[in-house]
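# What the coordinates show
The lines below spell out each chain.
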Amino acid sequence: MASAPETVYDRMPNDLSAFWMPFTANRQFKAAPRLLVEAKDMHYTTQDGRKVLDGTAGLWCVNAGHCREPIVRAVQEQVARMEYAPPFQMGHPAPFELAARLARMAPGDLDHVFFTNSGSESVDTALKIALAYHRMKGEGQRTRLIGRSRGYHGVGFGGISVGGMSPNRKFYGGMLGGVDHLPHTHSLQNMAFSRGQPEWGAHLADELEEIVALHDASTIAAVIVEPVAGSAGVLVPPKGYLERLRAICDKHGLLLIFDEVITGFGRLGTSFAGDRFGVVPDLMTTAKGLTNATVPMGAVFCRKFIHDAFMQGDNTHAVELTHGYTYSAHPLAAAAGLATLDVYQEEGLFERAAELEPYWQDALHSLDDAGPVVDVRNFGIMGAVQFDPRKDSPGTRGYDIFTKCYEKGVLVRYTADILAMSPPLIVSKGQIDQIVDTLAESIKEAA
Ligand SMILES: Cc1ncc(COP(=O)(O)O)c(C=O)c1O
């Protein structure tokens, strides 16, 4: 019998130079590449045939585990039936059904859903809807946007403008004008080794009052925050902080946007962070777990009053929101989204995450005293370990521990001297132990 033809997955590519890799130290990576060729449930397989436990759900996105059969099948069936349909002035059934299901899942009256292809596009879409909303209401002077230091909202010009990570901003010129930032909510001094939400720090929300006092509420459109900041290294909001932000926004007529690209779809043991914290934003951005990352898709959820503000007037010929993408509501993404929601629901994965959270918390905090660890933080099935940077070479300690974990068969997420963990919600207690034991060993070896 003839053997299967060799594919690109069976051999090391001859040339690594043409692919300019995103958010990667290209020269470092290409000198010692880490290539993944297969994935199933909790594991990746590397090109040299090793199994690696996925401690990061890909990039915080594969919440139901890898290559889940019902999702794969739904995408295969859809691609064979209709691979594409234009979303402008035309439609197909699946995204209507998906949007209706999402609206039923969402907290409060976040009843309307605009589809995008990524978290970055969701953020730029939400910012544009916020600006256009105020204009529809006759308050077009409300153009200022408020983000937060250490926030990550993707890489579009809107997202980096409201984002608060200087390496992602400093190279790219003036960005959007009229943006201000809240202070971030992390303090080693006041909250290191907190289990869940820190007690200290709700007062940091009052900085929004200062920003309002400086610019006047009549110039401000919206405030955007991640309910739990993910990319900056799992910064958990202090108790009462998000509630205070909500109250200040209400007082001054500012729209509150929660960027739930990471926290959505079960990561915190609830459908969305808004459910977990009991705070309903006016707009909510999502992506990642929406399709279990099988096909790229994002979604912006809007409260009813925002959507309704666009649906006014007698001219029903007019396009109400002049915004959208060629691939908005792509048939493959919509099929993946519907099948993903089925898996989440049938397997009770969000409830499972909630049940696992105490075990996850205890396991991570067993690292509190490990060598150069200066903080361990956790919330939902997210967690981070922060290290004291090596003198003269910040970031290298985190990188060494990350590569040691990978060599020992566990994938964690490296951002300088912070390692973040967010395994798929199907993770077992034994696999949580494996993640933490591997980290402990690697920390010792790299100290
Ligand atoms: C909170 C948040 N917003 C936006 C994004 C950007 O998403 P994408 O990479 O899909 O554009 C991310 C990505 O990690 C994120 O964590």
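Owing to the predicted nature of the structure, the values given are computational and were not obtained by experimental measurement.

Criteria and thresholds
- Residues numbered from 1 in each chain as written.
- Predicted model: local features only at pLDDT ≥ 70, side-chain atom pairs only at ≥ 80, totals over all residues.
- Helix = DSSP H or I, 4+ residues; strand = E, 2+ residues; numbered from the N terminus.
- Rg over C-alpha atoms; globule rule 2.2 N^0.38 Å.
- Buried ≥ 20, exposed ≤ 12 C-beta atoms within 10 Å, placed from the backbone.
- Contact = placed C-beta atoms within 7 Å.
- Pairing = 2+ DSSP bridges.
- Axes fitted to C-alpha atoms, helices over the stretch in contact; angles between N-to-C directions.
- Near = placed C-beta within 6 Å.
- Nonpolar A, V, L, I, M, F, W, Y, C, P; charged D, E, K, R; others polar.
- Domains from an automatic or database assignment.
- Parallel < 35°, antiparallel > 145°, perpendicular 65-115°, else oblique.
- Left-handed = near helix turned anticlockwise from the far one by under 90°.
- Expected span 1.5 Å × (residues − 1).

### What about the overall build of the protein chain?
If you tally the helices and strands in the protein chain, you get 16 helices and 15 strands. Taken over C-alpha atoms, the radius of gyration comes to 22 Å for the protein chain, in line with the 22 Å a tight globule of 447 residues would show. Judged by the C-alpha coordinates and their principal axes, the protein chain covers about 65 × 60 × 45 Å. Counting over 447 residues, the protein chain shows a buried share of 47%. Long-range contacts, defined here as pairs at least 24 residues apart, represent 72% of the contacts in the protein chain between residues at least 6 apart.

### Focus: the sheet that holds strand 11 (residues 373–379)
Strand order in the open sheet made by the 4 strands is 11-12-15-14, with antiparallel pairing throughout. In this open sheet, the two edge strands, each paired with only one partner strand, are strand 11 and strand 14 (413–415). Direction aside, neighbouring strands of the sheet carry axes that sit 20 degrees apart on average. Packed onto the sheet, helix 14 (residues 349–365) meets strand 11 and strand 12 (382–387) and runs at close to 175 degrees relative to strand 11.

### A few points about the site of the ligand
In the region of the ligand, 14 residues are neighbours, and Ser-118, Gly-119, Ser-120, Gly-154 and Val-261 sit closest. Of the residues forming the shell around the ligand, the biggest block, 3 residues, is contributed by helix 5 (residues 119–136). Of the residues that constitute the shell around the ligand, the class distribution is 5 nonpolar, 7 polar and 2 charged.

### Thoughts on the sheet that holds strand 3 (residues 51–54)
With mixed pairing, 4 strands are arranged side by side in an open sheet as 1-2-3-13. At either end of the open sheet lies a strand with only one pairing partner, and these are strand 1 (36–40) and strand 13 (410–411). The sheet contact formed by strand 2 (residues 43–46) and strand 3 spans 3 bridges and is antiparallel. From the neighbouring strand, His-43 faces strand 3, where its bridge partner is Leu-53.

### Notes on the domain arrangement of the protein chain
By the assigned domains, the protein chain splits into domain 1 (8–64 + 348–446) and domain 2 (87–345). Contact residues are listed per partner, giving 31 residues for domain 1 and 28 residues for domain 2. Contributing elements (two or more residues each) for the side of domain 1 that touches domain 2: helix 2 (57–60), helix 14, strand 11, strand 12 and strand 15 (418–421). The greatest single-element share of the side of domain 1 that touches domain 2, amounting to 7 residues, is contributed by helix 14. When grouped by side-chain class, the residues that make up the side of domain 1 that touches domain 2 number 17 nonpolar, 10 polar and 4 charged.

### Observations concerning unusual backbone geometry
For Phe-23, which is not a glycine, the phi torsion comes out positive at approximately 40 degrees. Position of Phe-23 among the secondary structure elements: in the segment before helix 1 (26–31). Of the residues examined, Phe-23 has 10 C-beta atoms within 10 Å and is grouped as exposed. In this model, Arg-150 sits at a positive phi of 65 degrees, which is unusual for a non-glycine residue. As for its placement among the helices and strands, Arg-150 is situated in the loop between strand 5 (144–148) and helix 6 (157–162). The exposure class assigned to Arg-150 is buried, which follows from the 21 C-beta atoms found within 10 Å.

### Things to note about the packing of helix 4 (residues 93–105) against helix 13 (residues 331–346)
For the pair helix 4 and helix 13, the least separation of the axes is 9 Å and the interaxial angle reads 40 degrees. Here helix 4 lies oblique to helix 13, going by the angle between them. You can see that helix 4 and helix 13 cross each other, and the crossing is left-handed. Where helix 4 approaches helix 13, its residues Ala-94, Pro-95, Glu-97, Leu-98 and Arg-101 are matched on the opposing element by Pro-331, Ala-334, Ala-335, Gly-337, Leu-338 and Leu-341.

### Observations concerning the pairing of strand 11
Most of strand 11 sits inside the fold, with 5 of its 7 residues counted as buried. Both strand 11 and strand 12 contribute to a ladder of 6 bridges, which runs antiparallel. Looking across to strand 12, one finds that Phe-379 is bridged to Met-382. Taken together, strand 11 and the strand that follows it, strand 12, pair antiparallel across an intervening segment of 2 residues, in which Gly-380 is found at a positive phi of about 55 degrees.

### Brief notes about helix 13
The terminal C-alpha atoms of helix 13, which comprises 16 residues, lie 23 Å apart, in line with the 22 Å expected from a rise of 1.5 Å per residue. Those residues of helix 13 not exposed but buried are Pro-331, Leu-332, Ala-333, Ala-334, Ala-335, Ala-336, Gly-337, Ala-339, Thr-340, Leu-341 and Tyr-344. Its buried side turned inward, helix 13 meets helix 3 (69–81), helix 4 and helix 14. Of the residues one or two after helix 13, Gly-348 is the one with positive phi, at around 55 degrees.

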